[in-house]
Every structure is written in structure tokens, then in C-alpha cells.
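Residue-level structural notes
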Amino acid sequence: MILESFGLEKYMDELLDSTNNHLRAMKYGRPNTSEPTLGIPVHCDYTTMTLLCQLNEVQGLEILNKNGEWMNINPSPNSFVVMLGESFSIWLNGRLSSAYHRVMMKGNEDRYSIGLFAWPRGGYLVKVPKELVDDKNPMLFKPFVLEEFLKFHSPQIVQGATKSSLKAYCSV
Ligand SMILES: O=C(O)CCC(=O)C(=O)O
Ligand SMILES: [Fe+2]
């Protein structure tokens, strides 16, 4: 759908072939307090795409919107949250952004979720397609290999919610 909306369907096979999918189950221990407690600190995923499914009734995922406000994400049962990752945002020359998010916990119940993380495969050069670059839209990011970046940065960088280190790494 995203590729279609930019007229970039021809890259579909290349992107699919260059993706590794990792499935991860996550458990967030109950904080036993009514005070909001950090489950996962604020971050952006370095993925191409992330699919999240919350397995029990315990909410906690929050997304930072463009106004700098935290929004609770309360998915209906059996639905998925689909998030654009940093690698795809960069490939799209910044046309779409990936959302900063975090998990906040409170109460006396554990939270369970499962995530499918689609990563650019080792050695694959993530490169803005020429169709997204013109006089009005200069190339914002240099080609990069995510594997090389991750040699020096944690797979899930946790930092202030304003600057992505992957974007800083490959900014022109
Ligand atoms: O458990 C969740 O809902 C979010 C997990 C997450 O953001 C991550 O693992 O990167
Ligand atoms: Fe995440």
C-alpha cells in the first residue's frame, strides 16, 4: 500500500527479498503500583516495519504524536498495531515518519505482547530510490547498511524523543 501510494511498486520484490523477520514474545512484569512505570523507554524501531499484537488486556503502548503528546494505544482484541520503522522512513527519504513509542505499566497484572520485527537483511544497502529525489526533494540520507550501524549502536537505542541516531548516522 505504501509503495503503491508513491508509485514504487517495482521495489516490492527487492524490499521483501532483503528483509529478515524476527518474532519476539515480550513479558512486562507487573509494577504493583498505580503510578505509571516505564516498561520500555522511548525509542523508534530501526526496523522496516514492526507488527505488534498485545496478548492480554493490559494496555501500555504509547505513541508520541506530532504535537509532542503521548497517546495511549488501546488495540481491540486480535488486532495488530503496524508501525513504520526508521529504516523504511529513511528509504522513503523521510516522506513518512516512524513514531516514537514506549510502554508504560501500572497495576498488578503482567503485560504480554508479541512483535514481528522486519529488518533489512545483513549486508543490504538501504538506499533512497531515485524516484523520490528531485530538485524540490533532495536526498536527505546516504545509503547505509543497518548491520554496520548496529556494530556501534544498541539494537534498540533509547534516548531523548527528538533525535534518531540512525537518521543522524546517515544524514547527508
Ligand atoms: O510491547 C509492545 O507493545 C511494544 C514493544 C516495542 O516497542 C519493541 O519491542 O520495540
Ligand atoms: Fe518498539
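Reading guide: rules and limits
Residues numbered from 1 in each chain as written. Chains lettered and ligands numbered in written order. Predicted model: local features only at pLDDT ≥ 70, side-chain atom pairs only at ≥ 80, totals over all residues. Heavy atoms only, no water. pLDDT = per-residue confidence, 0-100. Pairing = 2+ DSSP bridges. Helix = DSSP H or I, 4+ residues; strand = E, 2+ residues; numbered from the N terminus. Axes fitted to C-alpha atoms, helices over the stretch in contact; angles between N-to-C directions. Salt bridge = Lys/Arg side-chain N within 4 Å of Asp/Glu carboxyl O. Buried < 20%, exposed > 50% of the residue type's maximum accessible area, 1.4 Å probe, protein only.

Our focus in this paragraph is the confidence of the model for the protein. In the predicted model, the protein carries a mean pLDDT of 92, and 95% of its residues have values of at least 70. The ipTM value of the predicted complex is 0.98, and its pTM value is 0.92.

Another aspect to go through is the sheet that holds strand E8 (residues 111-120). Taking strand neighbours across the sheet as the criterion, the four strands line up as E1-E8-E3-E6 in an open arrangement whose pairing is antiparallel. Each edge of the open sheet carries a strand with a single partner, namely strand E1 (19-28) and strand E6 (81-84). The mean inter-strand angle of the sheet, taken between neighbouring strand axes irrespective of direction, is 20°. Pairing of strand E3 (residues 49-54) with E8 involves six bridges; the strand directions are antiparallel. Bridge pairing in E8 links Cys53 to Ile114.

This brings us to the pattern of salt bridges. A full pass over the atoms with the stated rule returns seven salt bridges. Residue Glu131 pairs with Lys10 through a salt bridge whose shortest N-O separation is 2.9 Å. Taken together, the positions of Glu131 in the loop between strand E9 (125-126) and strand E10 (144-145) and Lys10 in the loop between helix H1 (2-5) and helix H2 (12-17) put the pair 121 residues apart, joining distant regions of the chain. Its relative accessible area of 34% is what places Glu131 among the partly exposed residues. The exposed category is assigned to Lys10, whose relative accessible area is 58%. Sharing partners across several salt bridges, the network here consists of Lys10, Lys130 and Glu131.

The four strands lie next to each other as E2-E7-E4-E5, forming an open sheet whose pairing is antiparallel. Only two strands of the sheet have a single partner each, and these edge strands are strand E2 (33-43) and strand E5 (70-72). When the angles between neighbouring strand axes are averaged without regard to direction, this sheet yields 30°. Bridge count between E2 and strand E7 (residues 101-107): five bridges; the pairing is antiparallel. Counted as the bridge partner of His43 is His101 from E7.

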